[in-house]
Amino acid sequence: VYAARERTFDAEEQALLAELGDDVAHAIYTQDIRRELAATKREYEAVIERARCGLALVDVEPDGFSYRQFNPRMEEMTGLTADEVRDTALDDRVDDADAAKIESAYRTCLDRGEPVEYRVTLDLPAGEVVQDCTVSPVRTGDGTDQLVVVVRDVTDEQRQRRERDSRAARLEALFDNSPD
């Protein structure tokens, strides 16, 4: 604070003005950080919302795993909304055998501390789907473990492969059974 005369403010007033200046500087800094965080959040949301693969954030609980979030593509692939899966356990959404396979991949990922890939066929509200999945561990600063699951729907590819193999087998049978 500027004063035209020397010793306009006594020591207590100077201390209060210095504290006020620190408070104003902190408030400005905090606003700048909030603007930067909001911009970063919008960028991440744009990436997640527009991703062409399914994305899920999974919380690691003492007794298993629960879903925290799905992106729109994951909702499409599963026929389940983010609100329907939020805070639900894995075995509440898929049958026991599938849940065991998925949980095994999740546990392996946590044990190794690195991404794990797996394929699963599930009977979901969207129908039977074949998914190639990659689960990656996320260690937060507060010690909370989470998993990011990236899912690619390969149902159509599998169906096309089966049809191609079936046609090839029929053609081979025709050739094998045809007179020379």
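Now for a description of the structure that goes with this document. (Residues numbered from 1 in each chain as written. Predicted model: local features only at pLDDT ≥ 70, side-chain atom pairs only at ≥ 80, totals over all residues. Heavy atoms only, no water.)

Topic: the overall build of the chain
Broken down by element type, the chain carries 5 helices and 5 strands. In terms of overall size, the chain is more extended than a compact globule, its C-alpha atoms giving a radius of gyration of 28 Å where 180 residues would be expected to give roughly 16 Å. With respect to the principal axes defined by its C-alpha atoms, the chain has extents near 115 × 35 × 30 Å. The buried share among the 180 residues of the chain stands at 25%. Sequence separation of 24 or more characterises 37% of the internal contacts of the chain that already satisfy a separation of 6 or more. Accessible surface, the chain as shown: approximately 12,700 Å² in total, 49% of it carbon and sulfur. Once the 24 positive and 42 negative side-chain charges of the chain are each reduced to a mean point, those two points are 6 Å apart. (Helix = DSSP H or I, 4+ residues; strand = E, 2+ residues; numbered from the N terminus. Rg over C-alpha atoms; globule rule 2.2 N^0.38 Å. Buried < 20%, exposed > 50% of the residue type's maximum accessible area, 1.4 Å probe, protein only. Contact = heavy atoms within 4.5 Å. Areas by Shrake-Rupley, 256 points an atom, 1.4 Å probe, with all protein chains shown as cover. Lys, Arg positive; Asp, Glu negative; His and termini not counted. Charge placed at Lys NZ, Arg CZ, Asp CG, Glu CD.)

Observations regarding unusual backbone geometry
The residue D87 is not glycine, and still its phi comes out positive at about 65°. Assignment of secondary structure puts D87 in the loop between α3 (82-85) and α4 (96-112). Owing to a relative accessible area of 60%, D87 belongs among the exposed residues under this scheme.

Digging into the pattern of salt bridges
As a working rule, side chains carrying opposite charge can pair if their charged atoms are close by. In the structure shown here, the tally under the stated rule is 8 salt bridges. Its salt-bridge partner being D59, residue R68 comes within 3.0 Å of it at the nearest N-O pair. On the basis of relative accessibility, which here comes to 37%, the residue R68 falls in the partly exposed class. Note on D59: relative accessible area 7%, which makes it buried. Between D145 and R139 there is a salt bridge, with its nearest N and O atoms 2.9 Å apart. Exposure remark for D145: the relative accessible area of 23% places this residue in the partly exposed category. (Salt bridge = Lys/Arg side-chain N within 4 Å of Asp/Glu carboxyl O.)

Points about the sheet that holds strand β1 (residues 54-61)
Taking strand neighbours across the sheet as the criterion, the 5 strands line up as β2-β1-β5-β4-β3 in an open arrangement whose pairing is antiparallel. Every interior strand has two partners, whereas the edge strands, β2 (64-70) and β3 (116-124), have only one. Neighbouring strand axes in the sheet, compared pairwise and without regard to direction, differ in orientation by 35° on average. Packing against the sheet, α4 makes contact with β1, β2, β3, β4 (127-139) and β5 (145-153), and its axis sits at approximately 160° to β3. (Pairing = 2+ DSSP bridges. Axes fitted to C-alpha atoms, helices over the stretch in contact; angles between N-to-C directions.)

So, the nonpolar core
Y67, I102, Y106, Y118, V135, L147 and V149 are the most contacted members of the largest nonpolar core, which has 29 residues in total. The biggest single contributor to this core is α4, with 6 residues. Those residues in contact with Y67 that lie beyond four places of it in its chain are A56, L57, V58, V85, R86, D87, T88, L90 and Y106. (Core = buried A, V, L, I, M, F, W, Y, C linked by side-chain atoms within 4.5 Å.)

Considering a negative patch on the surface
A surface patch of negative charge is lined by D91, D92, D95, D96, D123 and E128. Locating D123 in the fold gives a position in strand β3. (Patch = residues over 30% accessible without salt bridge, like charges linked within 9 Å, V, L, I, M, F, W, Y side chains within 5 Å.)

Quick look at the packing of aromatic side chains
In the structure shown here, the tally under the stated rule is 2 aromatic pairs. Taking the centre distance of 5.0 Å and the plane angle of 80° together, the rings of F65 and Y106 count as edge-to-face. Placement of the pair is F65 in strand β2 and Y106 in helix α4, with a sequence separation of 41 residues. Exposure class is identical for F65 and Y106. Each is buried. On the numbers, 5.5 Å between centres and 75° between planes, the contact of Y67 with F70 is edge-to-face. (Phe/Tyr/Trp six-rings, centres within 6.5 Å; stacked < 30°, edge-to-face > 60°.)

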